[in-house]
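Single-letter residue listing:
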Amino acid sequence: MTWQGIEGHDSIVERFIQADARGRVAGSFLFIGPHGVGKGSFALALAKALLCEAPRPGLEPCGGCRSCLQSAAGTHPDIDIVRKPEDRATIPIELLIGDAEHRMREGLCWRLLLKPALGGRKVAILLDADHLSEEAANCLLKTLEEPPDNAVIILVGTSLERQLPTIRSRCQIVRFRPLSTDAVMRILAGEVGPTELNEASLRMAAASSAGSLVRARLLLDQEVASFRDRLIGLLATRPLRGVDLARDTISFVEAAGKDAPPRRARLRIVFESAVEFYRAALQRAVPLDGAGVTTAEAAIAGPAARWQGDADEASAAISRTLDALDALERNANLAILVDAWTAILEQPRLAQMS
Ligand SMILES: [Zn+2]
């Protein structure tokens, strides 16, 4: 039996159950973990449990009360979700405290001060916490330090390094790990049903997902899975053919359609897969633990082992690709980003000196 269908995060579930049983659920949390492992879903499940009017032991929401029904419908008036707008590089301050004309008369921090609509408490979920501007982070500090009236605030980000120390020190930090391949398999199988896809494609998507359910769902698309193989082939080729890499990546990204989010999701897979490839190559060049065992999945391990670059080159490629991932999150122009990234991969040594 999983808690509210949440897979792969049992120890975190246990921690909240224990805290709740002692009546000591904190007010401010910072959820940290890789993209796509279910931090947002966990935050919503927790909100539902905390707001339930007739919870059962073990932090189990009853599923039938007014509050549970509204949580399930995504219309709960006391669950407040804020995220970075698609077209912005950071979370604007007005989403937290209102615009210049409505300071502290709008925004998340202000809404938290209002009485809960259903009488219990309020839960605020701030997604994309990696992208809080310093100004926006500063106006959150007081709210995090003393959440009003039993409120619970959950910030969701990908790495601790991306959070300001002032934010980190005011939150209880909860770390989410990548999901196991088996957990990803189980979730995917539950989502797609038994007949639609065979077990082999589910396993392939799960194995290449690096524990991210979001990525696994994308990899179920044959076009995405085969481009990923082609990408690994291109990266493994020496000398790297930057023009081909740029052209193929752009057409892969554009084939996602006109909307920005699916295009961004595809480019994220490209960058993340490249990081995995170079990490596997680096591991081969500088074996950790002296064992030379690579943890990469088979599809990457083979090409990475044949790659002829050295450790410096692999490290430079990793750090530049992580920069590109960062820029992607900050709403960079995708075509320009791909051009810059491929140009750098062609000239890793120059990039290192800059
Ligand atoms: Zn309930």
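Everything numeric in this text was worked out from a predicted model, so none of it was measured. Within any chain, residue numbers begin from 1 and follow the written order of that chain's sequence. Totals for whole chains, interfaces and linings use all residues, but because this is a predicted model, local features are given only for residues with pLDDT of at least 70 and pairs of side-chain atoms are given and counted only at 80 or more. Only hydrogens and water are removed before side-chain values are computed, so all heavy atoms of the structure are retained for them.

Enquirer: Is there a simple way to think about the overall build of the protein in this case?
Expert: Each helix is a run of DSSP H or I of at least 4 residues and each strand a run of E of at least 2, with the numbering of both proceeding from the N terminus. Along the backbone of the protein there are 17 helices and five strands. C-alpha atoms define the radius of gyration in this analysis, and the globule rule sets the expected value at 2.2 Å times the number of residues to the power 0.38. Relative to the 2.2 N^0.38 estimate, which gives 20 Å for 354 residues, the radius of gyration of the protein is 22 Å and therefore close to what a compact globule would have. Referenced to the eigenvectors of the C-alpha coordinate spread, the extents of the protein come out at roughly 65 × 50 × 45 Å. Taking all 354 residues of the protein together, the buried fraction comes to 47%. Nonlocal contacts in the protein, meaning residues at least 24 apart in sequence, comprise 70% of its contacts between residues at least 6 apart. When the accessible surface of the protein is split by element, carbon and sulfur atoms take 52% of a total near 17300 Å². Exposed residues in this analysis have more than 50% of their type's maximum accessible area, buried residues have under 20%, and partly exposed residues fall in between, with area computed by a 1.4 Å probe over protein chains only. Throughout, a residue-residue contact means that at least one pair of heavy atoms, one from each residue, lies within 4.5 Å. Accessible surface is estimated by sampling points in the Shrake-Rupley manner with a 1.4 Å probe; for residues, cover comes only from the protein chains shown.

Enquirer: What is the right way to read the pattern of salt bridges from this model?
Expert: Here, a salt bridge means any Lys or Arg side-chain nitrogen found within 4 Å of an Asp or Glu carboxyl oxygen. Within this structure, the stated rule accounts for 22 salt bridges. Residue Arg-247 pairs with Asp-244 through a salt bridge whose shortest N-O separation is 3.5 Å. Of this pair, Arg-247 and Asp-244 both sit in helix H12 (residues 242-254), three residues apart, which is roughly one turn of the helix. The exposure class assigned to Asp-244 is buried, which follows from its relative accessible area of 18%. Salt bridges linked by common partners bring Arg-215, Arg-228, Arg-268, Glu-272, Glu-276 and Glu-329 together as one network.

Enquirer: Would you mind going over the environment of Met-204 with me for this structure?
Expert: Mapped onto the secondary structure, Met-204 falls in helix H9 (residues 199-207). Here the alpha-carbon distance between Met-204 and Thr-181, two residues 23 residues apart in the chain, equals 9.5 Å.

Enquirer: Is there a simple way to explain the environment of Leu-108 in this structure?
Expert: Assignment of secondary structure puts Leu-108 in helix H5 (residues 108-113). With 168 residues separating them in the primary sequence, Leu-108 and Glu-276 have C-alpha atoms 37 Å apart. Aside from chain neighbours lying at most four places away, what touches Leu-108 is Asp-80, Val-82, Leu-95, Leu-96, Ala-124 and Leu-126.

Enquirer: Which parts of the structure should I look at to understand the sheet that holds strand E3 (residues 123-126)?
Expert: Two orientations exist for strands paired in a sheet by backbone hydrogen bonds: parallel and antiparallel. A strand pair is defined by DSSP finding two or more bridges across the two strands. Read from one edge of the open sheet, five strands run E2-E3-E4-E1-E5, paired in parallel fashion. Here the strands that pair on one side only, and so sit at the sheet edges, are strand E2 (79-82) and strand E5 (172-175). Strand-to-strand twist of the sheet, defined as the mean angle between neighbouring strand axes without regard to direction, takes the value 20°. With five bridges joining them, strand E1 (residues 28-32) and strand E4 (residues 152-157) adopt parallel strand pairing. Considered in E4, the bridge of Leu-30 is made with Leu-155. Helix axes are fitted only over the stretch in contact, all axes being lines through C-alpha atoms; the angle between N-to-C directions runs from 0 to 180 degrees. On the sheet, helix H6 (residues 134-145) packs against E1, E3 and E4 and is oriented at approximately 135° with respect to E4.

Enquirer: Can you help me understand H6 in this one?
Expert: In an α-helix there are 3.6 residues to a turn, and that puts residues three or four apart on one side. For H6, built from 12 residues, the straight-helix expectation of 16 Å at 1.5 Å per residue is met to within 8% by its first-to-last C-alpha distance of 17 Å. All buried positions along H6 are accounted for by Ala-136, Ala-137, Leu-140, Leu-141, Thr-143 and Leu-144. What a helix is expected to span follows from its residue count: subtract one and scale by 1.5 Å.

Enquirer: Help me understand the coordination of the zinc ion in this model?
Expert: Octahedral metals with six donors have ideal donor angles of 90 or 180 degrees. Tetrahedral metals with four donors have an ideal donor angle of 109.5 degrees. Within the protein, the atoms that donate to the zinc ion are Cys-52 (SG), Cys-62 (SG), Cys-65 (SG) and Cys-68 (SG), at distances of 2.3 to 2.4 Å. One can describe the donor arrangement at the zinc ion as tetrahedral, given that its four donor atoms subtend angles of 104 to 118° at the metal. Mapped onto the polypeptide sequence, the residues donating to the zinc ion form the spacing pattern C-x9-C-x2-C-x2-C. Taken together, the residues span a long stretch of sequence, with Cys-52 in the loop between helix H2 (39-51) and helix H3 (66-73) and Cys-68 in helix H3 at a distance of 16 residues. Take Cys-52: its relative accessible area is 7%, and that puts it in the buried class. Water is absent from the atoms considered, so a metal site may look incomplete; donors are defined as N, O and S atoms within 2.8 Å of the metal, or 3.2 Å for Na, K and Ca. Here a site with four donors is tetrahedral if all angles are between 85 and 135 degrees, and a site with four or six donors is square planar or octahedral if opposite donors are over 155 degrees apart and the other angles are between 65 and 115; anything else gets the irregular label.

Enquirer: Any chance you could explain unusual backbone geometry here in plain terms?
Expert: Cis geometry is found at the peptide bond from Arg-238 to Pro-239, where omega equals -10°. Turning to its location among the elements, Pro-239 is positioned in the loop between helix H11 (222-236) and H12. Of note, the phi angle at Asn-150 is positive, near 75°, even though the residue is not glycine. For Asn-150, the position within the fold is in the loop between H6 and E4. If you check the backbone angles, Asn-331 has positive phi at about 70° while not being a glycine. With respect to the helices and strands, Asn-331 occurs in the loop between helix H15 (311-329) and helix H16 (334-346).

Enquirer: So what exactly am I meant to see when it comes to the confidence of the model for the protein here?
Expert: Parts of the model with low pLDDT should not have their predicted coordinates read in detail. For every residue, the predictor assigns a confidence score, pLDDT, that lies between 0 and 100. Mean pLDDT for the protein: 91, with 94% of residues reaching 70 or above. Taken together, the stretch residues 290-294 has pLDDT below 50 and engages in five contacts with residues farther than four places along the chain or on a different chain.

Enquirer: What is the right way to look at H3 in this model?
Expert: Listed in full, the buried residues belonging to H3 are Ser-67, Cys-68 and Ser-71. Taken end-on, H3 shows its buried residues confined to a sector of 95°, consistent with a single buried face. More than 90 degrees from the buried face of H3, the exposed residues found are Leu-69 and Ala-73. Against H2 and E2 lie the buried residues of H3. Following H3 by one or two positions, Gly-74 adopts a phi angle in the positive range, close to 75°. In this description, one arc is meant: the one made by directions from the helix axis to the C-beta atoms.

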